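# Topology and contacts: notes
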Amino acid sequence: MVLGKGKDSLTQTTILETVKKLVALQKIDREIFHFKRELKAGPEVLVEAQKQFEAKKARLKELEEKFKAIQLERKGLEGDLLVKEDAICKVNAQLSEIKTNKEYTAKLVEIEGVKADKSIIEEKILNFYDLGDQVQISINQEKEALKQEEQKYLKEKQVIEASMKDLEGKKSVLENQRKQVAPELDKNLLLKYEKILNNKDGLALVPVTGASCGGCYMNVPAQVVNQIKMHQDMVQCEFCARILYLQEDV
Ligand SMILES: [Zn+2]
């Protein structure tokens, strides 16, 4: 597969020169590609860390809600307790006005019933106090963990942001170098090369090593190698379409 010749077909010397320029360009583009990939990965790592941080925050919020619910339940029961205490007071007050033993005994039974209810409520209240204490311990632990997590996240963020800045700087140096090299190439060839570059993970130009394509490692037939050696055209790999060159030419 050869790249179509233009009207003014390239001479042997210009093909060789073109190959050298393309090799220089590919070296720059390969690095730019890697920098771009790292620049994309950095924020993704941060988003992931942020997500984990938010999940921990949500867990803390859940515990705080649980604690509130326990307090509410407990307060409700404390209200019930007051009602029972009132009831006991009232029945006690009625005792002095009772005339018959039968009525008196009945009132005492009533008081005992209310007292029994009261002690059940008291037990429940104590249980809620215990439960509240346990949840409060978990909340404190979770808060401490969250604080540490936040510090870790902020540190990580700082490191990633510094590294991104560094990468941006390096990328922009390379992009300036590229601006000097790229215009020296034939426009159509450059377009073709860039199209392959985008489709093939930043690798559009590869050497033939042994009898294999340096991009996809498939066999490059002797006849194709001869075609490259003739320096009449730019030759592409039949399998991956990357542009091929020979190490000895550069
Ligand atoms: Zn290939």
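Worth saying up front: this structure is predicted, and the values here are computed from it rather than measured.

What follows is about the sheet that holds strand S4 (residues 243-245). Across the sheet, four strands lie side by side as S2-S1-S4-S3; this open sheet has mixed pairing. Edge strands, defined here as strands with exactly one partner in the open sheet, are strand S2 (212-213) and strand S3 (235-236). Here strand S1 (residues 205-209) pairs with S4 via three bridges, running parallel. Opposite Val206, over in S4, you have Leu244 as the bridge partner. Against the sheet, helix H3 (residues 187-199) makes contact with S1, S3 and S4, and its axis sits at roughly 105° relative to S4, the strand it touches most.

Our next topic: the side chain of Asp29. Structurally, Asp29 can be placed in helix H1 (residues 12-95). Dropping the residues within four chain positions of it, Asp29 is found in contact with Arg178, Tyr193 and Leu197.

For the rest of this paragraph, the subject is the nonpolar core. Core analysis: the largest hydrophobic core is formed by 29 residues, its most contacted members being Leu22, Leu25, Leu189, Tyr193, Met234 and Ile243. Those elements giving two or more residues to this core turn out to be H1, helix H2 (101-181), H3 and S4. Examining the composition of this core, we find that 10 residues originate from one element, H1, more than from any other. Those residues in contact with Tyr193 that sit more than four places away from it in its chain are Leu22, Leu25, Gln26, Asp29, Arg178, Ala204, Leu205 and Ile243. Membership of the second largest hydrophobic core comes to 13 residues, among which are Leu203, Val225, Val235 and Leu246.

With that settled, consider the pattern of salt bridges. In a structure, side chains of opposite charge can pair up when their charged atoms sit close to one another. Inspection of every chain in the model, using the stated rule, returns 17 salt bridges. Linking Lys157 and Glu161 is a salt bridge whose minimum nitrogen-to-oxygen distance equals 3.9 Å. Of this pair, Lys157 and Glu161 are both found in helix H2, four residues apart, which corresponds to roughly one turn of the helix. Given a relative accessible area of 43%, Glu161 falls into the partly exposed group. Connected via shared salt-bridge partners are Asp29, Arg178 and Glu194.

Binding of the zinc ion to the protein goes through Cys213 (SG), Cys216 (SG), Cys237 (SG) and Cys240 (SG), at separations of 2.2 to 2.3 Å. Considering all four donor atoms around the zinc ion, the spread of angles at the metal, 105 to 115°, places the coordination shape in the tetrahedral class. Here the donor residues of the zinc ion are spaced in sequence according to C-x2-C-x20-C-x2-C. On the criterion of sequence distance, the pair formed by Cys213 in strand S2 and Cys237 in the loop between S3 and S4 is long-range, its members being 24 residues apart.

Rules of the game
- Residues numbered from 1 in each chain as written.
- Predicted model: local features only at pLDDT ≥ 70, side-chain atom pairs only at ≥ 80, totals over all residues.
- Heavy atoms only, no water.
- Pairing = 2+ DSSP bridges.
- Helix = DSSP H or I, 4+ residues; strand = E, 2+ residues; numbered from the N terminus.
- Contact = heavy atoms within 4.5 Å.
- Axes fitted to C-alpha atoms, helices over the stretch in contact; angles between N-to-C directions.
- Core = buried A, V, L, I, M, F, W, Y, C linked by side-chain atoms within 4.5 Å.
- Buried < 20%, exposed > 50% of the residue type's maximum accessible area, 1.4 Å probe, protein only.
- Salt bridge = Lys/Arg side-chain N within 4 Å of Asp/Glu carboxyl O.
- Donors = N, O, S within 2.8 Å, 3.2 Å for Na, K, Ca; no water.
- Tetrahedral: all angles 85-135°; square planar, octahedral: opposite > 155°, others 65-115°.

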